[in-house]
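# Coordinate analysis (summary)
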Amino acid sequence: MVGREFTYAAVPEAWGLLDAAGIAFLPLTREVVDEAARQCTLLDCSFYDALAPACASLLDATLATADARAHSAFPRLCLIE
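Residues numbered from 1 in each chain as written. Predicted model: local features only at pLDDT ≥ 70, side-chain atom pairs only at ≥ 80, totals over all residues. Heavy atoms only, no water.

Here the focus is the layout of surface pockets. When its volume is computed, the largest pocket comes out at roughly 530 Å³. Lining the largest pocket are 16 residues, and of these Phe-25, Leu-26, Leu-51, Ala-52 and Cys-55 sit closest to its centre. In terms of residue count, helix α3 (residues 47-58) provides more of the lining of the largest pocket than any other element does, five residues in total. Its residues assigned to classes, the lining of the largest pocket comprises 13 nonpolar, one polar and two charged. (1 Å grid on protein atoms, 1.4 Å probe; cavity = no way out; pocket = protein on both sides within 12 Å on 5 of 7 lines; lining within 4 Å. Points joined across faces, edges and corners; volume = space filled by probe spheres on them. Helix = DSSP H or I, 4+ residues; strand = E, 2+ residues; numbered from the N terminus. Nonpolar A, V, L, I, M, F, W, Y, C, P; charged D, E, K, R; others polar.)

In structure tokens form, the structure reads like this:
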């Protein structure tokens, strides 16, 4: 399993790993949508690309990302190379 070449069979296993790690998941609420729209403007990126920074902003967390093009202007950024 590399990059975007995941098969359907790998999805439940990957979800299980995320669930076991205790990662917090935010439901798509009006608050998340509103913050993502705000991040679209601040970062000049698509709504899709703004969802992760929106969640980081709402959680007052650092955004870990490999997408420097979309997220480089986010104030609390950990760029993964």
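This paragraph deals with the environment of Ala-73. Here Ala-73 shows up in the loop between α4 (68-71) and β2 (77-79). Taking relative accessible area as the criterion, Ala-73 reaches 52% and is therefore assigned exposed. Considering only alpha carbons, one finds Ala-73 and Ala-50, 23 residues apart in sequence, at a separation of 11 Å. (Buried < 20%, exposed > 50% of the residue type's maximum accessible area, 1.4 Å probe, protein only.)

As far as function goes, none of this settles anything; it's purely spatial.
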